[in-house]
Protein chains: 2
Amino acid sequence: MNKSIQAIESEIKAIYNVALSVDCVIFGFEENKLKVLLIRSDMEKFQSKWSLLGDLLKAEEDIEAAAYRILKQRTGLDDVFLEQVAAFGNLSRHPAGRVVTIAYCSLINVMHHELKIYDNELHWHDVETVKDLAFDHQEIFETCYKRLQKRVQEHPLGFSLLPNKFSLRELQNLYEAILGIKLDRRNFRKKFFAMDFLIDIDEIETDVPHRPGKLYRFDYEKFEMKKKKWSGIDF
Amino acid sequence: MNKSIQAIESEIKAIYNVALSVDCVIFGFEENKLKVLLIRSDMEKFQSKWSLLGDLLKAEEDIEAAAYRILKQRTGLDDVFLEQVAAFGNLSRHPAGRVVTIAYCSLINVMHHELKIYDNELHWHDVETVKDLAFDHQEIFETCYKRLQKRVQEHPLGFSLLPNKFSLRELQNLYEAILGIKLDRRNFRKKFFAMDFLIDIDEIETDVPHRPGKLYRFDYEKFEMKKKKWSGIDF
DNA sequence: AAAAGTCGTGTAATTTAAACACAATACAAA
DNA sequence: TTTGTATTGTGTTTAAATTACACGACTTTT
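Not measured: the values here are computed from a predicted model.

Cut-offs used in this document
Residues numbered from 1 in each chain as written. Chains lettered and ligands numbered in written order. Predicted model: local features only at pLDDT ≥ 70, side-chain atom pairs only at ≥ 80, totals over all residues. Heavy atoms only, no water. Pairing = 2+ DSSP bridges. Helix = DSSP H or I, 4+ residues; strand = E, 2+ residues; numbered from the N terminus. Core = buried A, V, L, I, M, F, W, Y, C linked by side-chain atoms within 4.5 Å. Buried < 20%, exposed > 50% of the residue type's maximum accessible area, 1.4 Å probe, protein only. Contact = heavy atoms within 4.5 Å. Near = heavy atom within 4 Å. Polar contact = N/O pair within 3.5 Å; in protein donor to acceptor, adjacent residues only side chain to side chain. Nonpolar A, V, L, I, M, F, W, Y, C, P; charged D, E, K, R; others polar. 1 Å grid on protein atoms, 1.4 Å probe; cavity = no way out; pocket = protein on both sides within 12 Å on 5 of 7 lines; lining within 4 Å. Points joined across faces, edges and corners; volume = space filled by probe spheres on them. Least-squares fit on C-alpha atoms with pLDDT ≥ 70 in both. Salt bridge = Lys/Arg side-chain N within 4 Å of Asp/Glu carboxyl O.

This next bit is on the sheet that holds strand β8 (residues 166-167) of chain A. Residue and element names in this part refer to chain A. Strand order across the open sheet formed by three strands is β8-β10-β9, with antiparallel pairing between neighbours. The open sheet terminates on both sides in strands that have one partner only, identified here as β8 and β9 (198-204). As paired elements, β9 and strand β10 (residues 214-218) share four bridges and run antiparallel to each other. Each bridged residue has a counterpart across the sheet, and for isoleucine 199 the counterpart in β10 is arginine 217.

Now the structure itself:
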């Protein structure tokens, strides 16, 4: 009890002197390219640089709720894929002081929200050309992108980026865009048919300058039924 | 005196309404069981409950540095596997107020630190029987355990839990303990020899009541050389 | 010297993945 | 109407990985 008020004050500040924010890495798919939604930084230090969509947590606000709030504000969508990826807390990551951020990855179907995006400072970027983001957002983006590449191979996330009805060509284009590789069309089809989660809805593409492909829907119900199999040791 | 401290505290809290902590889920392996290191909660509300090892971040302390600090304090080890798993921030997770915690997963070789553990309130628990932890630590523990089960199949983490020299039987026991399944001994060997990361150090087990097995070391160098192969879409 | 227990290796059957070819369909151009 | 072009849809064949399963070899214990 010999401590001075000042000592106690700085102790308390030491505990509470951290601000928390959420940053969203929002992926979309358009013209057979994987895109990420960026906004111009509003900080002078990062003038002219692009940054992720983020905000400080409000008092009494749940972390995931904050991520949904940001998504809703920017895209108008609230029923979207959202997943926590990692926390970033480098001491020097934010010029205003100590701000730890929790990064979320989100996948949205661009078709569903096009109208709201024509804000001057908001833009879909091709993931291949994203560079030199504000803050530590380049690192956050790359972490989320790698996480997406891995996750999309093990879980049916990708369908969030496509229309409800899609052709197998669209699906393959999506996977090729996300993974950055070319896949054999025949083996790709065989693989997905073998997984047996695609519902043939007995419709075909329209407005294509060639033989139209059949359209499918992903069977989320059936997917939920099947328990994940043992994947096997391999590294 | 108390009043002014509280006044200061609530002032500061009004601005920085979140405290940040780190919790470590420290796994070990002993007697062919996967263990986790727990400590008695020091909070009255959770009297008699076990909790993870955690602490508030100090001012100007990097998050990962805090995790290493906790590990060092509790186990005496500082060159150990450590990996961020997730942030947990439920509004009601901590009785003292808003505390967001970043969970880290750590794997340590029990043999290397045995001497420091005989603190009354610190104990290795069999992961199978961990239940009813303090705070939201049950959820954190389960998240980290699942993450470990997945990661150990894709990366050579498991060797951190074993002595430098180990037999294939020990390695298999480790995998069976982590994954909670039985594996065919012959196929397990074939698999690991095919991966070709085990160095035969030309020694054999001692003090076993049967034919001794050969001892191996993991070749981290060779592992770093090989780039991770394409794993394939499957869910 | 025999029994008990685990080590180390191998083979056959099955499943999965990779490489590859061709007819069928729709549109566009002549 | 016919022909050319592009893409769909469906195989097959080969190689690689996984699974299931068996037997002799080696050390300690009795």
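Further notes follow.
The next thing to look at is the nonpolar core. If you look at the biggest cluster of nonpolar residues, it comprises 50 residues, and the most contacted ones within it are A:Val22, A:Ile26, A:Tyr104, B:Val22, B:Ile26 and B:Tyr104. Leaving out residues up to four positions away in the same chain, A:Val22 has contacts with A:Leu53, A:Gly54, A:Asp55, A:Leu57, A:Ile63, A:Ala66, A:Ala67, A:Ile70, A:Thr101, A:Ile102 and A:Tyr104.

A few words on unusual backbone geometry. Located in the positive-phi region is A:Phe135, a residue other than glycine, with phi close to 50 degrees. For B:Asp202, which is not a glycine, the phi torsion comes out positive at approximately 60 degrees. Note that B:Asp202 resides in strand β9 (residues 198-204). The exposed category is assigned to B:Asp202, whose relative accessible area is 69%.

Another point: the protein's contact with DNA strand C. Surveying the vicinity of DNA strand C reveals 18 residues, the closest of which are A:Arg186, A:Arg211, B:Arg186, B:Arg189 and B:Arg211. Near the protein, meaning within 4 Å, the atoms of DNA strand C are sugar or phosphate in a fraction of 43%, with bases accounting for the rest. At a separation of 3.0 Å, a base nitrogen of DNA strand C approaches a polar side-chain atom of A:Asn187. Breaking the surface near DNA strand C down by element, the ones donating at least two residues are α5 (185-195) of chain A together with α5 (185-195) of chain B. A per-class count over the surface near DNA strand C returns three nonpolar, three polar and 12 charged.

Residue and element names in this part refer to chain A. Its location among the elements puts tyrosine 220 in helix α6 (residues 220-225). When the C-alpha atoms of tyrosine 220 and phenylalanine 159 are compared, they prove to be 10.0 Å apart, with 61 residues separating the residues in sequence. Discounting residues that sit within four places of it in the chain, tyrosine 220 has contacts with Pro156, Phe159 and Ser160.

Let us now look at empty space enclosed by the protein. All names here are of chain A. In total, this model carries one cavity of 30 Å³ or more according to the counting rule given. Every residue lining the largest cavity is listed: Phe81, Glu83, Val85, Cys105, Arg147, Leu148, Arg151 and Leu157. Counting only elements with at least two residues in the lining of the largest cavity, the list comes to β5 (81-88) and α3 (137-154). Partitioning the lining of the largest cavity into residue classes produces five nonpolar, no polar and three charged.

Overlaying chain A with chain B gives an RMSD of 0.1 Å, the required rotation being 180 degrees about an axis along which the chain moves by 0.0 Å. Accordingly, the operation relating the two chain copies is best matched by a two-fold axis. A shared binding surface is used by both copies, with 95% of the interface residues of chain A retained as interface residues in chain B.

The subject of this paragraph is the sheet that holds β9(B). On the basis of which strands lie adjacent, the open sheet formed by three strands has the order β8-β10-β9 (chain B) and antiparallel pairing. Both edges of this open sheet fall to β8 (166-167) and β9 of chain B, since each of them pairs with a single strand only.

Right, let's talk about the pattern of salt bridges for a bit. Side-chain pairs of opposite charge can arise whenever the charged atoms involved come near each other. Applying the stated criterion across every chain yields a total of 32 salt bridges over all chains. Linking B:Asp234 and A:Lys191 is a salt bridge whose minimum nitrogen-to-oxygen distance equals 3.9 Å. One end of the pair, B:Asp234, is in the segment after α6 (220-225); the other, A:Lys191, is in helix α5, on a second chain. Look at B:Asp234 and you get partly exposed, because its relative accessible area is 25%. Classification of A:Lys191 as partly exposed rests on a relative accessible area of 34%. A salt bridge links B:Arg40 to B:Glu121; the nearest nitrogen and oxygen atoms lie 3.6 Å apart. Here B:Arg40, found in strand β2 (residues 33-40), pairs with B:Glu121, found in the loop between β6 (99-107) and β7 (122-126); they are 81 residues apart in sequence, far enough to count as distant. Overall, B:Arg40 belongs to the partly exposed group, its relative accessible area being 32%. The partly exposed category is assigned to B:Glu121, whose relative accessible area is 39%.

By themselves, these are just geometric observations and shouldn't be taken as functional.
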